[in-house]
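# Structure assessment
Given next are the chains, with one letter for each unit.
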Number of protein chains: 4
Amino acid sequence: MERLLRKCQIRNQLVRECMAECLGVYILMLFGCGSVAQVTTTEEKKGQYLSINLGFALGVTFGVFVSRGVSGAHLNPAVSLSLCVLGRHPWIKLPFYVFFQVLGAFLAAATVGLQYYDAIWLYSGGKLTVTGPTATAGIFSTYPADYLSLWGGIVDQVIGTAALLLCVLALGDQRNGSLPDGLQPVLVGAVVLVIGVSMGSNSGYALNPARDFGPRLFTYVAGWGVDVFKAGGGWWWVPIVAPCIGALLGTLIYELMIEVHHPVHHPVHHPSHLSELQASCQRATEGKTVLQLKGCTSRL
Amino acid sequence: MERLLRKCQIRNQLVRECMAECLGVYILMLFGCGSVAQVTTTEEKKGQYLSINLGFALGVTFGVFVSRGVSGAHLNPAVSLSLCVLGRHPWIKLPFYVFFQVLGAFLAAATVGLQYYDAIWLYSGGKLTVTGPTATAGIFSTYPADYLSLWGGIVDQVIGTAALLLCVLALGDQRNGSLPDGLQPVLVGAVVLVIGVSMGSNSGYALNPARDFGPRLFTYVAGWGVDVFKAGGGWWWVPIVAPCIGALLGTLIYELMIEVHHPVHHPVHHPSHLSELQASCQRATEGKTVLQLKGCTSRL
Amino acid sequence: MERLLRKCQIRNQLVRECMAECLGVYILMLFGCGSVAQVTTTEEKKGQYLSINLGFALGVTFGVFVSRGVSGAHLNPAVSLSLCVLGRHPWIKLPFYVFFQVLGAFLAAATVGLQYYDAIWLYSGGKLTVTGPTATAGIFSTYPADYLSLWGGIVDQVIGTAALLLCVLALGDQRNGSLPDGLQPVLVGAVVLVIGVSMGSNSGYALNPARDFGPRLFTYVAGWGVDVFKAGGGWWWVPIVAPCIGALLGTLIYELMIEVHHPVHHPVHHPSHLSELQASCQRATEGKTVLQLKGCTSRL
Amino acid sequence: MERLLRKCQIRNQLVRECMAECLGVYILMLFGCGSVAQVTTTEEKKGQYLSINLGFALGVTFGVFVSRGVSGAHLNPAVSLSLCVLGRHPWIKLPFYVFFQVLGAFLAAATVGLQYYDAIWLYSGGKLTVTGPTATAGIFSTYPADYLSLWGGIVDQVIGTAALLLCVLALGDQRNGSLPDGLQPVLVGAVVLVIGVSMGSNSGYALNPARDFGPRLFTYVAGWGVDVFKAGGGWWWVPIVAPCIGALLGTLIYELMIEVHHPVHHPVHHPSHLSELQASCQRATEGKTVLQLKGCTSRL
């Protein structure tokens, strides 16, 4: 069996990263949209708004766990864009990442549509609508609250995504304090939880162009029709553009207020040596915290 | 006292593993079914659907904690099957594992039946029914929602269990990122939480043949009668067969999209030496992170 | 300031342990009873049953954090008893531990009574009653549900405390898998959370003689009168006796099914040396994971 | 880009610390007030009291993550004051910290006001009131329940903040048990969660002069007017004064019952050497647990 599987091995790094991003966003949206479907079709009998917040939060957590070792687990075009701007990710990979993130979200929406087919049919009386009392398009992508102005919606998404990037950059900033390796995906999920709890009611905290556009395409294709683009005064482009602006804003704030001011460190003697050791340790050990013996070897 | 206990020591590895699986599933189902019993018999006054999700999630977490060092904490025939197929568990042990998993679930259901005897009696008016307004069979095993077609139910269980395996395999895949030792049971519980939050309303997210069949046997024996097999159009076999298919599907997806593509590593020099050291450290230290001194000793 | 504080230093180990147990149970009950008071006096407007579960769970977590380094954080006479029986705690200390655990719970109940004085006064119309629609004695200690028989209550408390001990012993069993040092208090809290979610509705999951008797004494003294001992058919002794039986039962099950069967290990060469090193490291480092250099020194 | 950013580097330590405190409190209050705004303006349709508890808890967690490496993440004048009294923070920095903490809270309140502008307008009918059925001032700062006496309010805030400091000091007390580096911010958030769950209904658990006064200033300026200082019988000074008293009380209790009694340790040989090593390791490694090689080098 293992030999059979090994025959399928792909060595191209970019292909591997694209598959990881696709599967990561798939997991994120499978749990995220699934939780909205459960709350919507049971009319809050089997879950409430908090369980939707949990669905997206843990969706992000396990999306990161699935892909972190291969692609770095961006799972969000706005995150990929920010990392490119910061020079931490090559621009050339950006379109590939974005495409596979959208694809993952599309496939997840299709899976949720399949899994909740009977439930959606019953709840909506067989009519797939975008607005009205039994609207079901909101299971898949976000729509603004009735009271929200266009500018209000843009501000909402910009602030939300800025907060997301601020926290995620802080979690990854080693000079601002270390983090056990396996805790980072949990905490990124917790950021999404708290944003859902505090910034979710205006327009459903998309924060992520792929998370919103992929499922919207699915609903367009699957029977909800062109209304998914018309509803909310042509809302569909806001969760694509505003998160990108917000992500850059949040990145800028964190960099200018915290990260650039960390004292410049003159790297100690054997950093490359160290990371080599570290890498070999990691390969050789299974399921144990890896130790790096810096001082030891350099002093011998 | 300790001397007395030591006289009971069993050295047979398989017996120990079976006891661990049995106790692990027992803990899982004690908390899981208990939470359903609490929500059902108090008519949601002392808990809601979310507390059922928490009951099963933390049930899994502590079921894993109880058994992980002895049997590896499968706690689910579908998981055992997948590991056998992947060549990570001997086929010969499979029937033993499955039997004791089912036994643990049966005993837990009996314990919950005992603990909630008065409450169930009051709630059901002394009539143990499988369907109807005061049905109580759902405390123990899963039944599909009225609207769910048979195919819909199978799809639901296949997708749910595939998602479970996808995430669990990612958590255990060292080359996709390390995990502190004690965090893994918590995160496996979190997978079950998010599945309950996003895929629970169609048919109660069994995901586990033992979790469903053991308690169903208990209800059959304890007074609910043959209806437990007839209800939902003969639903009982779906949570046995579909999770096995789903587990294999999820395993295949994770292997083909992520794990087989990890770069092949040529093991560094002293891996066996290392794991020996590691093992001796583990025995000698109590409650501390274990360190492996690769570079140090090899350079001396 | 620091010099002033140091003058108050007490060197007697038992006194220190008793203060730690007292403060630990105080924290546990301050948060635990506080959450019941909040839910009761706001008539579920600011919290529901789940928030009571969270209150006791996190109460336990921080009670353990406050006392773990000094007394080992038993916080429960039934736990102390089990550890004595297992030979892991000296019998001579048992009565001291129990007394200060009860004292801590009493003081916490008094603090909650003070903090919620106005709210209880308003809610109860100035009448401190044990039963009836505006009963407030349940804020402090547990009372059985109306439907519960005496035997049902005993069984409920025995099963609950057995489950508690089973999980807590598994968390502490190094040979069943290691645990990062700071995670243990969180997971002990999670055990209490899941018990509250799955075994709380019958009689309020006391699980702990001190948790129940200390506050009951407070209510007796503070104006609820002798009814606190009469209510529930003289219920008061059940949460004292049954948890002790349950704790012993849970201990026995875990020992007989898991712990005694761990392979006997011949301790490696330098364990005392190691733990000495480990201890000195721990003193010398602040906030960092401590490393033990077994192989390194022994090979030099 | 990176070069551009580096030009903005500020080397002054105090300025960096003030920016970190400001941004930390900003994050805390952005999520905290945001969650109240969401629950209030949706009339509990998208969140309940528990989600407010989560908003403030995770707000604290990520506020700590953002600032811990730079300023130590006080985020609360009462905490800064306690650390000054304990001699762990220089008095000279206190006014700067307090000012920037209040500023951060003010700016966060303004941001929430902007983000929820449309929602608040709709909910309040365009009338920004402090009391009454559609009052919205409570989104930003705390007001006492109607039944609460002034003394009751003071006692409530003193007990709450004392509990906060007790737990936070225990988490940071290395001699009472170690804690993985990245877990501390999560647990400080959990303390705030449990206080919200158990001590929130009387007066909204401010616990923090900056958290309350900054947003109150914002509401005063932004259109709620002088009522924000008059309401609740001139309540505004209580969440400033009482938390400071409570923090000192909690500090005193923890010191006198636990910390001063830890055995005095004669520091082992190379502590300064060790921390130097530790620091250089931390700079050189990325995302890995740092190891300190005490015994190794000292024995060579």
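How each quantity is defined
Residues numbered from 1 in each chain as written. Chains lettered and ligands numbered in written order. Predicted model: local features only at pLDDT ≥ 70, side-chain atom pairs only at ≥ 80, totals over all residues. Heavy atoms only, no water. Helix = DSSP H or I, 4+ residues; strand = E, 2+ residues; numbered from the N terminus. Contact = heavy atoms within 4.5 Å. 1 Å grid on protein atoms, 1.4 Å probe; cavity = no way out; pocket = protein on both sides within 12 Å on 5 of 7 lines; lining within 4 Å. Points joined across faces, edges and corners; volume = space filled by probe spheres on them. Nonpolar A, V, L, I, M, F, W, Y, C, P; charged D, E, K, R; others polar. Salt bridge = Lys/Arg side-chain N within 4 Å of Asp/Glu carboxyl O. UniProt positions renumbered as here; feature names shortened; annotations may be inferred. Disulfide = S-S within 2.5 Å. pLDDT = per-residue confidence, 0-100. Axes fitted to C-alpha atoms, helices over the stretch in contact; angles between N-to-C directions. Parallel < 35°, antiparallel > 145°, perpendicular 65-115°, else oblique. Left-handed = near helix turned anticlockwise from the far one by under 90°. Expected span 1.5 Å × (residues − 1). Buried < 20%, exposed > 50% of the residue type's maximum accessible area, 1.4 Å probe, protein only. Polar contact = N/O pair within 3.5 Å; in protein donor to acceptor, adjacent residues only side chain to side chain.

### Focus on the overall build of chain A
The helix and strand inventory of chain A stands at 13 helices and zero strands. Counted over contacts in chain A with a minimum sequence separation of 6, partners at least 24 positions apart contribute 75%.

### Regarding empty space enclosed by the protein
One pass over the structure, following the stated rule, counts five cavities of 30 Å³ or more. The calculated volume of the largest cavity comes to roughly 1400 Å³. As for the largest cavity, its lining consists of 44 residues, of which V186(A), L193(A), V186(B), V186(C) and V186(D) are closest to the centre. Elements with a contribution of two residues or more to the lining of the largest cavity: α3 (49-71) and α8 (183-199) of chain A, α3 (49-71) and α8 (184-199) of chain B, α3 (49-71) and α8 (183-199) of chain C together with α3 (49-71) and α8 (183-199) of chain D. Looking at the lining of the largest cavity residue by residue, the class counts come to 36 nonpolar, eight polar and no charged.

### Observations regarding the pattern of salt bridges
Considering all chains together, one arrives at 16 salt bridges over all chains under this definition. For R88(C), the salt bridge is made with E255(C), and the minimal N-O distance between the two is 3.6 Å. Here R88(C) is found in the loop between α4 (77-85) and α5 (94-115), whereas its partner E255(C) is found in helix α11 (residues 238-257), with 167 residues between them in sequence. As a salt-bridge pair, E259(D) and R88(D) come within 3.4 Å of each other at their nearest N and O atoms.

### Remarks on the UniProt feature "transmembrane region" (unreviewed entry) in chain A
Residues and elements named next belong to chain A. UniProt feature "transmembrane region" (unreviewed entry): in the numbering of this structure it lies at residues 20-41, 47-66, 96-117, 150-171, 183-201 and 234-254. Counting secondary structure, residues 20-41 comes out at 100% helix and 0% strand; the distance between its end C-alpha atoms is 31 Å. In residues 183-201, the share of helix is 89% and the share of strand is 0%. The end C-alpha atoms are 28 Å apart.

### Re the state of the cysteines
Residues and elements named next belong to chain D. Using the criterion set out here, one finds zero disulfides over all chains in the structure. C33 takes part in no disulfide bond, and the closest cysteine sulfur, belonging to C22, lies 14 Å away. Not part of a disulfide, C84 finds its nearest cysteine sulfur in C244, a span of 11 Å.

### Let's talk about the confidence of the model for chain A
Residue and element names in this part refer to chain A. Mean pLDDT over chain A: 89, with 88% of residues reaching 70 or higher. Counting contacts from residues 267-300, a segment whose pLDDT is below 50, to residues more than four positions away or on other chains yields 75 contacts. If you check the scores for this complex, the pTM reads 0.90 and the ipTM reads 0.88.

### Observations concerning the packing of α3(C) against α8(C)
Residues and elements named next belong to chain C. Close contact between α3 and α8 brings their axes to 8 Å; oriented N to C, the two are set at 155°. Considering the angle they form, α3 stands roughly antiparallel to α8. In the crossing of α3 with α8, the sense of the turn from one axis to the other is right-handed. In contact with Y49, L50, N53, L54, F56, A57, V60, T61, V64, F65 and R68 of α3, α8 contributes Q184, P185, V186, V188, G189, V192, L193, G196 and V197. A class-by-class count of the residues in the contact of α3 with α8 yields 14 nonpolar, five polar and one charged.

### As for helix α9 (residues 209-224) of chain D
Residues and elements named next belong to chain D. For α9, built from 16 residues, the straight-helix expectation of 22 Å at 1.5 Å per residue is missed by more than 12%, its first-to-last C-alpha distance being only 20 Å. Every buried residue of α9 is listed here: P209, A210, R211, D212, G214, P215, R216, F218, T219 and W224. Here the buried face of α9 lies against α2 (13-41), α3, α4 (77-85), α5 (94-115), α10 (227-234) and α11 (238-257). Sitting at the amino-terminal end of α9 is N208, which places a side-chain oxygen 3.0 Å from the backbone nitrogen of A210. In the stretch just after α9, G225 is the one whose phi turns positive, near 75°.

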